[in-house]
Amino acid sequence: MTSNDINANNARKKTTFPVVGIGAAAGGEEAITELLQHLPHNTGMSFFYVQHPEVSPNGHLIQKLSGLTELKVVKGDDNVSIEPDHLYILPHDKELKLEDGLLKAAKTPTRGYSVMPINSFFTGLADTYQEKAIGILLSGGTVDGVVGMKAIKLAGGITFAQDESAQFQTMTKTAIAEGAADRVLSPKDLAKELSEFARKNSYFSQVITQMNDEQISDVDENLIGILSLINRSTGVDFSQYKMNTIKRRIIRRMMLYKVNTLAEYLAYLKEHLNEVAFLYQDLLINVTYFFRDEETMEYLKDVLLPKIIRTKSSTDPIRIWVPACSTGQEAYSLAILIMEILGENAANIPVQIFATDLSEFAITKARLGVYTRDEVLDVSPERLERFFNKLDGQYRVIKSIRDLCVFANHNVAKDPPFSRLDLISCCNLMIYLDTQLQKRLIATFHYSLRNVGYLVLGKSETVGTSDYLFTQVDKKTKVFVKKKDVKAKALFEMNYKTHELIKNVPAGGRMPGFKMKNEDQDVDKAVDTLLLKKFTPASVVVNLDLDILQFRGSTGLYLEPSPGKASLNLMKMAKPGLGFELRNIVHKAKKSGEAVQKTSLEITSDEKPRWVSIEAIPLRADGEELFLVVFEEVKTDANEYEVGALKDQRVSQLNIELATLREDMRSIVEAQEVANEELQSANEEIVSSNEELQSINEELETSKEEIESSNEELITINQELQLRNDQLAESQQYAFAVFTTIRESLIILDKDLRVKSANKSFYKIFGLVEEETEGRLIFDIGNQLWNIPKFKELLEEILPKNGQYFGYEIKHYFPGIGEKNLLLNARRVNQKSNNQDIFLIAIEDLTEYKQAQAIIAEKEAWFRNMANNLPVMIWVTGIDKLCNFVNKTFLDFRGVGLEEVVGKSWTLDAHPDDEQRILKVYEENFNDKKEFELIYRLKHHDGSYKQILSKGKPNYSSSGAFTGFIGSCVELDENVKKAISD
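Note that residues are indexed from 1 along each chain, following the sequence as it is written. With pLDDT at 70 or above as the cut-off, local features in this predicted model cover only qualifying residues; side-chain atom pairs require 80 or more to be listed or tallied, and sums for whole chains, interfaces and linings still use all residues. Calculation of side-chain values draws on the structure's entire complement of heavy atoms; hydrogens and water are dropped beforehand.

## Details of the packing of helix H12 (residues 294-310) against helix H13 (residues 329-342)
Axes are the key here: two packed helices are described by the angle between their axes and the distance separating the axes. Angular values range over 0 to 180 degrees, each being the angle between N-to-C directions of two axes fitted as lines to C-alpha atoms, with helices fitted over their stretch in contact. Secondary structure elements follow DSSP: runs of H or I no shorter than four residues count as helices, runs of E no shorter than two count as strands, and numbering proceeds from the N terminus. At a minimum axis distance of 10 Å, the contact between H12 and H13 shows a crossing angle of 60°. By the angle between their directions, the pair H12 and H13 is classed as oblique. The hand of the H12/H13 crossing is right-handed. Across the interface between the two elements, Met 297, Leu 300, Lys 301, Leu 305, Pro 306 and Ile 309 from H12 touch Ser 333, Leu 334, Leu 337, Ile 338, Glu 340, Ile 341 and Leu 342 from H13. Throughout this entry, Asp, Glu, Lys and Arg are counted as charged residues, while Ala, Val, Leu, Ile, Met, Phe, Trp, Tyr, Cys and Pro are counted as nonpolar. The remaining residues, Gly among them, count as polar. Tallied by class, residues from the contact of H12 with H13 come to 10 nonpolar, 1 polar and 2 charged. Angular relationships are summarised with four words: roughly parallel below 35 degrees, roughly antiparallel beyond 145, roughly perpendicular across 65 to 115, and oblique for the angles in between. Should the near helix be turned counterclockwise from the far one by less than a right angle, the crossing is left-handed, whereas a clockwise turn marks it as right-handed. Contacts between residues were defined by any pair of non-hydrogen atoms, one from each residue, lying within 4.5 Å.

Next comes the structure, spelled out in structure tokens:
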């Protein structure tokens, strides 16, 4: 027993009352309020309330809940003692676990659940309290708690989820869909259920505590009836699984329905056949992780798989079998390891990974290869990036890895196994099976492997008494290699079926298919007990093939190794004179089921005649039919060695043997005659059957042609489907690439306005972390960063009505980021696969653009103000040679409005005698992009013409592109005119 087991046992001894973990997130306070209002204060249970970080800490929660219940509500903290009828509110900033009846601060997060406190606490609760643990999930918009609920259920505890009354149902619906919740109830009904369970707790605790004392017998007729019902319904026989595990699972279901006895539960099963399916799923323990045993995985990657790969060619595939694969993580882990090892050579060596399981639900999920964020916590970020595609907040194994794995429903104890395998990875299945079935499976695995094939078991498993079939290759890991020179028989059918057992149970109530105290004992104990009671001479234990399994006493007088290849077969080791009779008595013992003895057999030892008696006794041990062969030397007096006496004794012996042989011959002749009659009858039936088969064969030929035609059509359809799948995969990859690459922020919300996914730009611009964002309400992420009234209006009012909206502007100050000007395009999309709406929102950050616009507007205003206050007339033309700007001085001089000037030539209203000259100079210099200077007469606002000096020069943009001309006009006074004329 490990130290963890000891601690867990100590904790259970100290805490005899049930421990209830309550997990919640958004909307959880309302749910637990209703639960406490209907929950009695004296249930004798201890309650723990754990909130996901998506909910802001409520410092007044303890005070609020204290006013609702008579339970003592306290804050959970390090070294706080666990008491019944207490409610402990666990803090957000500290991870706590239960240990030795105390709350203890966890040194390291459980399996990476640093942001999944409900999973972390529930998993620790299951490890410590097992069947005394109860898990409850209330309202929440995240996926936290699902893995923890599975752990509680696996440990034998009970799990509940809130029904549609939950304000936010992401967390509860995920648990229900994953099969992690036993019952789905409202908070009020949950309180009644807990109260009823508390009332029955003492009875069930007593049953569970006394399980090892066989309070429920392995051959209880009701237990047999339950297993028979499952067998008839599912075709799976659990009679050779470990009975204590089976009983615990049954008792767990009895606790759910408050049923006191097995007889009552059997009656309930017969009335509610759907409960048979639920019990069946409970008995199938589907739990696994990616890269579950790190040390074994490293050994496979560094040593074993490269060794297998080196022996392969392009025509010899790597063949691997993963029995009891559950939801597929182990098979995909092996596929990923192989792809990492092969690298660029992946296309050169074919890989076939066969993954099988009894559970249809598990196989269906494995085929899809879609896993939640919780389920990929053990996958490194590098592998997650390379071997998974992110899809709607979940992760899907990429197609190239999925194509390596073939998933199928398969009963490893009953159905024919795969063959020519290089590796079998069967981790943590054997611990649930009885010894007899373990031996049969090990023999089946030996049969399935190539001559140099490897078997990988779980850390707590071993090949046991089948070590003659396998050799352990690494002491740190449970990796075994097949022994080539040993033959093992693979048996694909269970020895007994449950419904047959019921019919054949003897009057004493003992049943051969179950673990028995008298018949199905350990081989050593069975033989020792029998010898001590009746025999003392030398003896051996042999199987049906007469292979010696064990020796007792000194057998040298009767047995000796034969020349040639070493063998432990009884016929090869028997001394001359014994072989025939040994085979004969074993055959008779098998046929009659009783002990058969042969006396006065003569053998020669040390050149002296000796007289021997042999006896074969049927023996059943470990579910196998064996025989105890006992040898005994018959002592004779000295005077019997006189010649006459010896002759008489020899004659007497020969007469006895002759009579025996005649009797044997008569039996053989009679048996032969009966066999001949049966063969004659069989021959006639075969002739008749042959004619029928001939007719059937002709029909099959016709059917074959039809099937071939249908097969060709199916192949064509399959190719088209494959093409569509490839196109769909490419489209998904393309859409994902666009989603993650574009500069604008993109975010996808579900119908409850919870974040399904967002691109990198969104996280970068708004300083958010993916792990703390996905699954949470959009208004709660980043400490309510997006709790914006105008944004709420878009999502809650505009989009539901219109379906889409473009150009929705929001200006908001984001704490720690600053003020942002955002332009939103939003669309409601209906997913036909599940008939649910999602919201796609594109967010364009216009902050820098708006700032630039403001700067430009400010500069433009400054320029216009400066230009309008200059005493000089200014005009600006575009490449169309027409004015697009003039200053106020220009307009005042002419006495016109801006609309009368813009879009017209700046030479308008020039003196008619000067107009042609002006236009000619302007046209020539404009085309040549040269400066010019003109003196001409321009009409003044008083109607007179004034002498004007005008200058123009080409204008260019910052990039050097020609944009037109800019010019100025100045009225010439008399002094200037005179100066110019001079």
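## Comments concerning the pairing of strand S17 (residues 449-457)
The pairing criterion is simple: DSSP has to find at least two bridges between the two strands. Relative to S17, strand S16 (residues 421-426) runs parallel, the two sharing 5 bridges. Bridge pairing links Cys 426 to Leu 457 in S17. By the criterion used throughout, a crossover qualifies as right-handed when its path from the first strand across the helix to the second strand runs clockwise, the strands pointing away from the viewer. The handedness of the S16 to S17 crossover, carried by helix H17 (residues 435-448), is right-handed. Here S17 pairs with strand S19 (residues 479-482) via 3 bridges, running antiparallel. Among the inter-strand pairings, Leu 455 is bridged to a residue of S19, identified as Phe 480.

## Let's talk about the packing of aromatic side chains
Ring pairs shown here join Phe, Tyr and Trp side chains whose ring centres sit within 6.5 Å, with only the six-membered ring taken for Trp; geometry is labelled stacked below 30 degrees between planes, edge-to-face above 60, and tilted in between. All told, the structure shown has 35 aromatic pairs when counted by the stated rule. Between Tyr 922 and Phe 965 the ring centres are 6.1 Å apart and the planes differ by 80°, which places this aromatic pair in the edge-to-face class. Of this pair, Tyr 922 sits in helix H28 (residues 912-928) while Phe 965 sits in strand S34 (residues 962-971), and the two are 43 residues apart along the sequence. Burial status follows relative accessibility: with a 1.4 Å probe on protein chains alone, a residue under 20% of its type maximum counts as buried, one over 50% as exposed, and anything between as partly exposed. With a relative accessible area of 2%, Tyr 922 lands in the buried category. The class for Phe 965 is buried, based on a relative accessible area of 0%. Within the aromatic cluster, the residues linked to one another by ring pairs are Trp 875, Trp 906, Tyr 922, Phe 926, Phe 932, Tyr 936, Tyr 956, Phe 962 and Phe 965. Two conditions define a charge located above a ring, namely a distance within 6 Å from the ring centre to NZ of Lys or CZ of Arg, and an angle within 35 degrees of the ring normal. Here the guanidinium or amino end of Lys 790 rests over the ring plane of Tyr 808, the centre of that ring lying 5.4 Å away.

## Notes on the environment of Val 634
Within the element layout of this structure, Val 634 appears in strand S24 (residues 624-634). Owing to a relative accessible area of 34%, Val 634 belongs among the partly exposed residues under this scheme. Distance from Val 634 to Leu 601, taken between C-alpha atoms, is 9.1 Å for residues 33 residues apart in sequence. In contact with Val 634, not counting residues within four places along its chain, are Trp 611, Val 612 and Ser 613.

## Details of the side chain of Glu 461
Mapped onto the elements of the fold, Glu 461 is located in the loop between S17 and strand S18 (470-474). One buried charged residue, Glu 461, forms no salt bridge at all, with the nearest opposite charge on Lys 478 at 7.8 Å. A polar contact of 2.9 Å, which involves the side chain of Glu 461, links it to the backbone nitrogen of Asn 428. Residues in contact with Glu 461, not counting those within four places in the same chain, are Cys 426, Cys 427, Asn 428, Leu 429, Met 430, Ile 431 and Lys 478. Only four residue types enter the tally: Lys and Arg on the positive side, Asp and Glu on the negative side; His and the chain ends are excluded. Salt bridges are counted wherever a side-chain nitrogen of Lys or Arg sits within 4 Å of a carboxyl oxygen of Asp or Glu. In protein, a polar contact requires one atom able to donate a hydrogen and another able to accept it; more generally it is a pair of N or O atoms within 3.5 Å, and residues adjacent in sequence count only if both atoms are side-chain atoms.

## Considering the nonpolar core
We call a set of buried Ala, Val, Leu, Ile, Met, Phe, Trp, Tyr and Cys residues a nonpolar core when their side-chain atoms join them within 4.5 Å. Counting residues in each nonpolar core, the largest one holds 77 residues, and the members touching the most others are Phe 238, Phe 445 and Leu 455. Looking at this core, the element that brings in the most residues is helix H9 (residues 243-256), giving 7 residues. Counting 46 residues, the second-largest nonpolar core is a separate cluster that includes Tyr 332, Ile 363, Tyr 371 and Val 376.

## Here we look at the pairing of strand S29 (residues 836-845)
Judged from the 5 bridges that link them, strand S25 (residues 745-749) and S29 form a sheet pairing that is antiparallel. Looking across to S29, one finds that Ile 748 is bridged to Leu 840. Two elements, strand S28 (residues 818-831) and S29, share 10 bridges in a ladder whose sense is antiparallel. Opposite Asn 830, over in S29, you have Asp 837 as the bridge partner.

## Considerations on the sheet that holds strand S15 (residues 405-409)
Ordered by their spatial adjacency, 7 strands build an open sheet running S15-S11-S10-S16-S17-S19-S18, and the pairing between neighbours is mixed. The strands lining the two open edges of the sheet, one partner per strand, are S15 and S18. Between one strand axis and the next, the sheet turns through 25° on average, direction left out of account. Relative to strand S11 (residues 351-357), strand S10 (residues 318-323) runs parallel, the two sharing 6 bridges. Its bridge partner lying in S11, Ile 320 is registered against Ile 353. The sheet contacts of H13 involve S10, S11, S15 and S16, and relative to S11 the element is tilted by about 170°. Sheet strands in contact with helix H14 (residues 360-368) are S11 and S15, and its direction is about 160° off that of S15.

## A closer look at the sheet that holds S24
Spatially, 5 strands are ordered S21-S20-S24-S23-S22 in an open sheet, and the strand pairing comes out antiparallel. Looking at strand neighbours, the two that pair on one side only are strand S21 (548-552) and strand S22 (596-605), the edges of this open sheet. With direction set aside, neighbouring strand axes in the sheet form an average angle of 25°. The pairing of strand S23 (residues 608-621) with S24 spans 11 bridges and is classified as antiparallel. Its bridge partner being in S24, Trp 611 is matched across the sheet by Val 634. Where helix H21 (residues 579-592) meets the sheet, it contacts S22, S23 and S24, and its direction lies at approximately 30° from that of S23.

## As for a negative patch on the surface
Exposure above 30% relative accessible area and the lack of any salt bridge qualify a residue for a patch; like charges then connect within 9 Å, and the nonpolar side chains Val, Leu, Ile, Met, Phe, Trp and Tyr within 5 Å. In these tables, accessible area is a Shrake-Rupley quantity obtained with a 1.4 Å probe, and a residue counts as shielded only by the protein chains included in the view. In plain terms, the charge of a residue is placed at NZ if it is Lys, CZ if Arg, CG if Asp and CD if Glu. Among the surface-exposed residues, Glu 698, Glu 699, Glu 701, Glu 705, Glu 706, Glu 708, Glu 712 and Glu 713 lie close enough to one another that they form a single negatively charged patch. If you trace the backbone, Glu 708 turns up in helix H22 (residues 643-741). The class for Glu 708 is partly exposed, based on a relative accessible area of 41%.

## Some details on helix H8 (residues 221-234)
Working note: α-helix, 3.6 residues per turn, so residues spaced by three or four point in the same direction. A rise of 1.5 Å per residue sets the reference length of H8, with its 14 residues, at 20 Å; its end C-alpha atoms lie 20 Å apart and thus fit the reference within 8%. Among the 14 residues of H8, 10 are classified as buried, and the element is accordingly described as predominantly covered. Those residues of H8 lying buried are Asn 222, Leu 223, Ile 224, Gly 225, Ile 226, Leu 227, Ser 228, Leu 229, Ile 230 and Asn 231. Immediately beyond the C-terminal end of H8, within one or two residues, lies Gly 235, with a positive phi of roughly 80°. By definition here, a helix of n residues has an expected span of 1.5 Å times n minus one.

## Considerations on the state of the cysteines
A covalent bond bridging the sulfur atoms of two cysteines is what the word disulfide describes. Two cysteine sulfur atoms make up a disulfide if the distance between them is within 2.5 Å. If you walk through the whole model with that rule in mind, you get 0 disulfides. No disulfide involves Cys 427; its nearest neighbouring cysteine sulfur is the one of Cys 426, lying 7.2 Å away.

## So, the side chain of Thr 69
Examined against the element boundaries, Thr 69 turns out to sit in the loop between helix H3 (61-66) and strand S3 (72-75). Judged by relative accessible area, Thr 69 falls into the buried class, the value being 11%. In this structure the side chain of Thr 69 is engaged in a polar contact, spanning 3.0 Å, whose partner is the backbone nitrogen of Leu 71.

## Let's talk about the environment of Leu 39
When you line up the elements, Leu 39 lands in the loop between helix H2 (28-38) and strand S2 (46-51). The class of Leu 39 is buried, set by a relative accessible area of 7%. Along the sequence, Leu 39 and Lys 188 sit 149 residues apart, while their C-alpha atoms lie 8.0 Å from each other. Sequence-distant contacts of Leu 39, defined by excluding residues within four places in its chain, comprise Phe 47, Leu 71, Ala 191 and Leu 194.

## Remarks on a nonpolar patch on the surface
Taken together, the side chains of Trp 862, Phe 863, Met 866 and Leu 870 make up a nonpolar region of the molecular surface, amounting to roughly 390 Å² of accessible area. Tracing the backbone shows Met 866 in helix H26 (residues 847-869). Residue classification places Met 866 among the partly exposed residues on the basis of a relative accessible area of 36%.

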